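Read off the chains here:
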Amino acid sequence: MTQIGFIGLGIMGRGMTNNLLKAGHKVTVWNRTAARMDEFAAAGAQTASSPAELAAHCDVILVCVSDTPDVEAVLFGENGISAGVKPGALVVDHSTISPQKTVEMAKRLNAQGVAYLDAPVSGGSEGAAKGILSIMVGGEAADFERAMPILQAYGKTITHVGAQGAGQMAKLVNQILVVVNQLAASEALLFAQAGGLDLAKTIDAVKGGAAGSWMLANRGPQMIVRDFRPGFTIDLQQKDLRLVLEAADAMGIPLIATGMVFQMYRTLQSQGLGGDGNHGLVKALEKMMNVELGKAD
Ligand code: NAP
């Protein structure tokens, strides 16, 4: 039976690992904050004392940590995966990080005889918990086929988009759509409120039509009761928009709406709201309009 390792038991990794265990996979976990491993040990997972130790007895190693330097630390830092991994193993990175750095790190692991897929995900904490994530995969076709039975434990739409790095690039496309849809949902709901509409009924009326979006359907109901708990924090969203804007700059592509949303989120970060969910974007518009959406729960 394939020995699977999972590194990074945060909002996303937690749901993904739970689904691996539910599907009957043998899983070893490691998390920087060790207490986060307890619930998985109770559910039947093995625990490791470092990424190197985990890698030493796993065939497929899944990673879901925050940012590019964090993936680098887990892969190549002291007691990182690279220090323990067996030739022939496969590393799959589910974090959203730099496409360019991904290619460099993939090559370093390939030189050790280790296969690498970049496989960032979309679908939020709900998608991870329900096992219905979209997964955008870059790398060799044979490695994609090898990973598929594992990814199916938590993914619903799993697409091989191209060579190493292409998964991360597709994820950045996804992030442009996420934030611009979020801006549209925020502006539309404030407009609905000014027009005297019942906000919940308005969402129900429009979400299934041509104007529908995941953001409106899932975050709209939270926004109108002012529930800004994070599925995905503004701070992490900004990390992704920075990656998008850097890639666009390198390609000479103007991104007008995305650039504007990046600056709007920055105003929220400067007010100490970086830990809010990304649907807190509406607060930037509220400040400009001197109104508040909905009522406190
Ligand atoms: P999160 O809840 O903040 O969890 C981050 C995880 O990474 C934690 O397990 C954390 O360990 C670990 N970590 C961070 N830096 C580390 C380091 N230097 N060394 C070792 N471990 C480190 O974040 P998340 O929401 O699960 O997001 C994880 C990744 O998925 C990010 O790249 C994010 O952009 C992407 N993503 C998130 C969502 C979403 O809706 N949340 C959706 C799609 C993609 P500790 O427990 O010790 O802090």
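Residues numbered from 1 in each chain as written. Predicted model: local features only at pLDDT ≥ 70, side-chain atom pairs only at ≥ 80, totals over all residues. Heavy atoms only, no water.

### Comments concerning the overall build of the protein
Each helix and strand in the protein was counted, giving 14 helices and 9 strands. Expected size for 297 residues packed as a compact globule is a radius of gyration near 19 Å; at 20 Å, the protein falls within 12% of this value. When its C-alpha atoms are laid out on the principal axes, the protein stretches across 60 × 45 × 35 Å. In the protein, 68% of the contacts between residues at least 6 apart in sequence involve partners at least 24 apart. Looking at the protein as shown, the accessible area adds up to about 13,200 Å², and 55% of this sits on carbon and sulfur atoms. Distance from the positive charge centre (24 side chains) to the negative charge centre (27 side chains) of the protein: 4 Å. (Helix = DSSP H or I, 4+ residues; strand = E, 2+ residues; numbered from the N terminus. Rg over C-alpha atoms; globule rule 2.2 N^0.38 Å. Contact = heavy atoms within 4.5 Å. Areas by Shrake-Rupley, 256 points an atom, 1.4 Å probe, with all protein chains shown as cover. Lys, Arg positive; Asp, Glu negative; His and termini not counted. Charge placed at Lys NZ, Arg CZ, Asp CG, Glu CD.)

### A closer look at the packing of helix H9 (residues 166-194) against helix H12 (residues 234-251)
Taken N-terminus to C-terminus, the directions of H9 and H12 make an angle of 115°; their axes are 9 Å apart at the nearest point. Read as a crossing pair, H9 and H12 show a hand that is left-handed. Listed contacts from H12 to Met169, Lys171, Leu172, Gln175, Ile176, Val178 and Val179 of H9 are Gln237, Asp240, Leu241, Leu243, Val244 and Ala247. (Axes fitted to C-alpha atoms, helices over the stretch in contact; angles between N-to-C directions. Left-handed = near helix turned anticlockwise from the far one by under 90°.)

### Things to note about the nonpolar core
In terms of nonpolar packing, the biggest core is built from 33 residues, with Phe6, Met16, Leu20, Leu62, Val92, Ile135 and Tyr154 touching the most fellow members. Of all the elements, helix H8 (residues 141-151) adds the most residues to this core, at 5 residues. If we skip the residues at most four places from it in the chain, Leu20 touches Ile4, Phe6, His25, Val27, Leu62, Ile150, Ala153 and Tyr154. (Core = buried A, V, L, I, M, F, W, Y, C linked by side-chain atoms within 4.5 Å. Buried < 20%, exposed > 50% of the residue type's maximum accessible area, 1.4 Å probe, protein only.)

### So, the site of the ligand
Taken together, 26 residues are adjacent to the ligand, and Asn31, Thr33, Arg36, Ser66 and Lys239 come closest. Here an oxygen atom of the ligand sits 2.7 Å away from a polar atom, N or O, in the side chain of Asn31. Between the ligand and Arg36 there is a distance of 2.7 Å, counted from an oxygen atom to a side-chain nitrogen or oxygen. Protein coverage of the free-state accessible area of the ligand, which is 900 Å², stands at 88%. Going through the elements one at a time, helix H1 (11-22), helix H4 (68-76), helix H7 (124-130) and H12 are the ones with two or more residues in the shell around the ligand. The greatest single-element share of the shell around the ligand, amounting to 3 residues, is contributed by H12. Of the residues that make up the shell around the ligand, three or more belong to each of domain 1 (3-163) and domain 2 (169-289). (Near = heavy atom within 4 Å. Polar contact = N/O pair within 3.5 Å; in protein donor to acceptor, adjacent residues only side chain to side chain. Domains from an automatic or database assignment.)

### A short note on a nonpolar patch on the surface
Where nonpolar side chains cluster on the molecular surface, the patch consists of Met169, Met251 and Ile253 and spans about 280 Å² of accessible area. Take Met169: it is sitting in helix H9. (Patch = residues over 30% accessible without salt bridge, like charges linked within 9 Å, V, L, I, M, F, W, Y side chains within 5 Å. Salt bridge = Lys/Arg side-chain N within 4 Å of Asp/Glu carboxyl O.)

### Describing the pattern of salt bridges
Once their charged atoms are close, side chains differing in charge can pair, the charge on each being opposite to the other. Summed over the entire model, instances satisfying the criterion amount to 11 salt bridges. The salt bridge involving Asp204 is made with Lys207; its shortest N-O contact spans 3.5 Å. For Lys207, a relative accessible area of 38% puts it in the partly exposed group. Two residues, Arg229 and Asp227, come together in a salt bridge whose shortest N-O distance is 2.8 Å. Here the residues in one salt-bridge network are Glu72, Lys101 and Glu104, joined through shared partners.

### Points about the domain arrangement of the protein
Taken domain by domain, the protein comprises domain 1 (3-163) and domain 2 (169-289). Of note, the centres of domain 1 and domain 2, computed from C-alpha atoms alone, are 28 Å apart. A buried area of about 1,100 Å², summed over both sides, lies between domain 1 and domain 2, and 63% of it is on carbon and sulfur atoms. The interface formed by domain 1 and domain 2 contains 1 salt bridge. Of the charged contacts in the structure, one is a salt bridge between Arg219 and Glu126, with a shortest N-O distance of 2.7 Å. Taken together, the links from domain 1 to domain 2 amount to 5 residue pairs in polar contact (both at pLDDT 80 or more). (Buried area = accessible area lost by both parts, 1.4 Å probe.)

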